[in-house]
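What follows is each chain in one-letter form.
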Amino acid sequence: MNSDIKRATADLGTRLEKNPGDVEAGFDQIQTSQSSTTSRPPQKSTAKRVIGYFILLAVASFVYRTIPEYNLSVLWGASETQYRGEIEYSAVPGFFKQSIWGANATELGPTPKRFGLIDGHKKYWRTFRQKIKKLNHKSGKHTTYKVLFLGRHGEGYHNLGLNYYGEDEWDRKWGRLTGNGTITWGPDAKLTPNGIKQAERVNALWKNEMENGGGIPLPTALFVSPLRRALYTFNYTFDGVVESRTPLIVENLRDAYGLRTSDWRHNKTWIHERFPRYEFEEGFTESDELWQEGKREPTEHVQKRVKGVLDKLFSLSDTYLALVAHDKVLSATFNLTGHPDYDVPTGALRALMTEYDMIVFKATASEGPGRIGVGGAI
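Predicted, not measured: the structure shown is a model, and the values here were computed from it.

Trainee: Quick question: what am I supposed to make of the overall build of the protein here?
Mentor: If you tally the helices and strands in the protein, you get 12 helices and 10 strands. When each of the 378 residues of the protein is scored for burial, the buried share is 56%. Taking contacts inside the protein between residues at least 6 apart in sequence as the whole, the part at least 24 apart equals 83%. Of the accessible surface of the protein, which amounts to about 16,500 Å², a share of 49% is contributed by carbon and sulfur atoms.

Shown next, in the form of structure tokens:
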């Protein structure tokens, strides 16, 4: 992203603070600036993110070649699906405060009003839905806009251990063990009581937004990591919110695997016994075939598999989607979309607060044949 886009987003942020109703004009300004360049800034990786839970609301413009509709479990199955064109994503500011370059997570607070939605008019969610519908109506046959709610799991016992020992010592010794005699973090780390409270606070916020601003649009396609902390976070977060919908467990939404016992998942039978309502993607293996005792998955590989997940997510007909995953998945999403590297606030409580982020994406599919790996390690 060049200086024109950064300047436009900064100007937009200042103007919207004075006049929240100027969202549409601001969006047009950013789009104009964005169309003048195809470059994007390198995304720095955030070495330390506060441990906690946050939601990423993304509106995605997605240009693609026509593909057939699939049953969700088949679409996310173990085989490969033919697909014509490579999809690239880019963040588009204009709807949410967190998408403005230079947005300060600490100033916005752990639970910004309206999930950070800039529009503060009385029926803000109704207006938001109308804008998304209008964008899709005007977008043309190969373009679609989507809204993605992306949540990070609540605090787990492994987070306590990692914070106490530090990352170097954690990977050298302690993270390879299952506990220290005081707490247990592996295999497949559990949520702490505080982590449960975090998810419950998010649930309360969802229910509040369902009753205000004309009602927040609810996701119709739901996805979750197979790790225990993400599964329970999803359960607590969406209790009484989207119970009529069945979440799909997707292997590639898991945290970086290997080395750390906290990321060694339970088997499929164990998961099904505790979450019988959840469905598994086709090809989901009984045991964890990805985790290795002495080797951790590199960040570049995480980003590659997350790219595959995004490609499949945005091929669905649903406009509003939600998933609960991990920090590595969120970081990869930021990098893949060119979104500002928005840090969760740090502090004495180490992020034991809930944080929200809202983003707009633009995704474009190139011409030519291509294949998207589905399920397993891409």
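Trainee: What exactly am I supposed to notice about the packing of helix H8 (residues 193–210) against helix H9 (residues 228–238) here?
Mentor: Describing two packed helices takes the angle between their axes plus the distance from one axis to the other. The interhelical angle for the contact between H8 and H9, taken along N-to-C directions, is 35°, at an axis separation of 7 Å. Like other packed secondary-structure pairs, H8 and H9 cross with a definite hand, here right-handed. Two secondary-structure elements touch here, H8 through Ile196, Ala199, Glu200, Val202, Asn203 and Trp206 and H9 through Thr233, Tyr236, Thr237 and Phe238. Split by residue class, the contact of H8 with H9 holds six nonpolar, three polar and one charged.

Trainee: Got a minute to help me understand the side chain of glutamate 209 in this structure?
Mentor: Topologically, glutamate 209 is positioned in helix H8. For glutamate 209, which is buried and forms no salt bridge, the nearest opposite charge comes from arginine 114, at a distance of 7.0 Å. Sequence-distant contacts of glutamate 209, that is, excluding residues within four places in its chain, are made with Arg114, Phe115, Tyr124, Trp125, Gly215 and Ile216.

Trainee: Where do I start with the pattern of salt bridges in this structure?
Mentor: Oppositely charged side chains can form a pair if their charged atoms are brought close together. All chains considered together, the criterion is met by 13 salt bridges. Note that arginine 296 is salt-bridged to aspartate 263, the shortest N-O span being 3.0 Å. Of this pair, arginine 296 sits in the loop between strand S7 (279–280) and helix H11 (299–313) while aspartate 263 sits in the loop between strand S6 (248–249) and helix H10 (268–274), and the two are 33 residues apart along the sequence. The residues arginine 296 and aspartate 263 share a single accessibility class, namely buried.

Trainee: Looking at this structure, I do not really get the packing of aromatic side chains. What am I missing?
Mentor: Given two aromatic rings, their pairing is described by the distance between the two centres and the angle made by the two planes. Within this structure, the stated rule accounts for 16 aromatic pairs. On the basis of an interplanar angle of 50° and a centroid distance of 5.5 Å, the ring pair of tryptophan 206 and phenylalanine 238 is categorised as tilted. You can see tryptophan 206 sitting in helix H8 and its partner phenylalanine 238 sitting in helix H9, a full 32 residues away along the chain. Here tryptophan 206 matches phenylalanine 238 in class, with each residue buried. Centre to centre, the rings of phenylalanine 234 and tyrosine 278 are 5.9 Å apart; their planes meet at 75°, and the pair counts as edge-to-face. Residue phenylalanine 234 is located in helix H9, and its partner tyrosine 278 is located in the loop between H10 and S7; the two are separated by 44 residues in the primary sequence. The pair phenylalanine 234 / tyrosine 278 is uniform in exposure class, with both members buried. The rings of Phe149, Trp206, Tyr232, Phe234, Phe238, Phe275 and Tyr278 are connected pair by pair, giving a single aromatic cluster. A cation over an aromatic ring shows up here: arginine 114 above the ring of tyrosine 124, its NZ or CZ 5.6 Å from the ring centre.

Rules behind the numbers
Residues numbered from 1 in each chain as written. Predicted model: local features only at pLDDT ≥ 70, side-chain atom pairs only at ≥ 80, totals over all residues. Heavy atoms only, no water. Helix = DSSP H or I, 4+ residues; strand = E, 2+ residues; numbered from the N terminus. Buried < 20%, exposed > 50% of the residue type's maximum accessible area, 1.4 Å probe, protein only. Contact = heavy atoms within 4.5 Å. Areas by Shrake-Rupley, 256 points an atom, 1.4 Å probe, with all protein chains shown as cover. Axes fitted to C-alpha atoms, helices over the stretch in contact; angles between N-to-C directions. Left-handed = near helix turned anticlockwise from the far one by under 90°. Nonpolar A, V, L, I, M, F, W, Y, C, P; charged D, E, K, R; others polar. Lys, Arg positive; Asp, Glu negative; His and termini not counted. Salt bridge = Lys/Arg side-chain N within 4 Å of Asp/Glu carboxyl O. Phe/Tyr/Trp six-rings, centres within 6.5 Å; stacked < 30°, edge-to-face > 60°. Lys NZ or Arg CZ within 6 Å of the ring centre and 35° of its normal.

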